[in-house]
Amino acid sequence: MKEEQFIHLVRLAWDLHRRGLGAAVELPMGKDPALLVPRESGPLRVMALARKGTWFYTWGRGEDRRVRALAGDAADRVWEVSR
């Protein structure tokens, strides 16, 4: 599962890179990987999680803080939140 998380996070990082925003994949030992997106108030930590067979990017709790990983606007949503 962690490999799939990594693949989704790298895909998001690349999509953000195309929009002119840098990001770094964090691979902590014993914890889930995350994408760290820089912003003035501190990095936005984006996780890739599977729920009922569907992958999501999430950056907090609540429906308004997640987007389907394969959604066409996923990178746009994360980009907007990081601004």
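Residues numbered from 1 in each chain as written. Predicted model: local features only at pLDDT ≥ 70, side-chain atom pairs only at ≥ 80, totals over all residues. Heavy atoms only, no water.

**Describing the nonpolar core**
The biggest cluster of nonpolar side chains holds 18 residues, and the ones touching the most others in it are L12, L16, L35, V37, V46, Y57 and V78. Taken together, the elements giving at least two residues each to this core come down to α1 (2–18), β2 (34–37), β3 (44–51), β4 (54–58) and α2 (74–82). (Core = buried A, V, L, I, M, F, W, Y, C linked by side-chain atoms within 4.5 Å. Buried < 20%, exposed > 50% of the residue type's maximum accessible area, 1.4 Å probe, protein only. Helix = DSSP H or I, 4+ residues; strand = E, 2+ residues; numbered from the N terminus.)

**Side note on the packing of aromatic side chains**
Scanning the entire structure with this criterion turns up zero aromatic pairs. It is R66 that lies over the ring of F56; its NZ or CZ is 4.6 Å from the centre. (Phe/Tyr/Trp six-rings, centres within 6.5 Å; stacked < 30°, edge-to-face > 60°. Lys NZ or Arg CZ within 6 Å of the ring centre and 35° of its normal.)

**Side note on the pattern of salt bridges**
Within this structure, the stated rule accounts for five salt bridges. The residue D32 makes a salt bridge to K2 at a minimum N-O spacing of 2.7 Å. Here K2 lies in helix α1 and D32 lies in the loop between β1 (24–26) and β2, a separation of 30 residues in the sequence. Owing to a relative accessible area of 28%, D32 belongs among the partly exposed residues under this scheme. With a closest N to O distance of 2.8 Å, R66 and E63 form a salt bridge. Under the relative-accessibility criterion, R66 is labelled partly exposed at 28%. When its relative accessible area of 60% is taken as the criterion, E63 is described as exposed. (Salt bridge = Lys/Arg side-chain N within 4 Å of Asp/Glu carboxyl O.)

**Some points on unusual backbone geometry**
Located in the positive-phi region is K52, a residue other than glycine, with phi close to 50 degrees. The residue K52 is located in the loop between β3 and β4 in this model. Given a relative accessible area of 89%, K52 falls into the exposed group.

**Remarks on α1**
Taking 1.5 Å as the rise per residue, α1 with 17 residues should run 24 Å; its terminal C-alpha atoms sit 24 Å apart, in good agreement. Along its buried surface, α1 packs onto β2, β3, β4 and α2. (Expected span 1.5 Å × (residues − 1). Contact = heavy atoms within 4.5 Å.)

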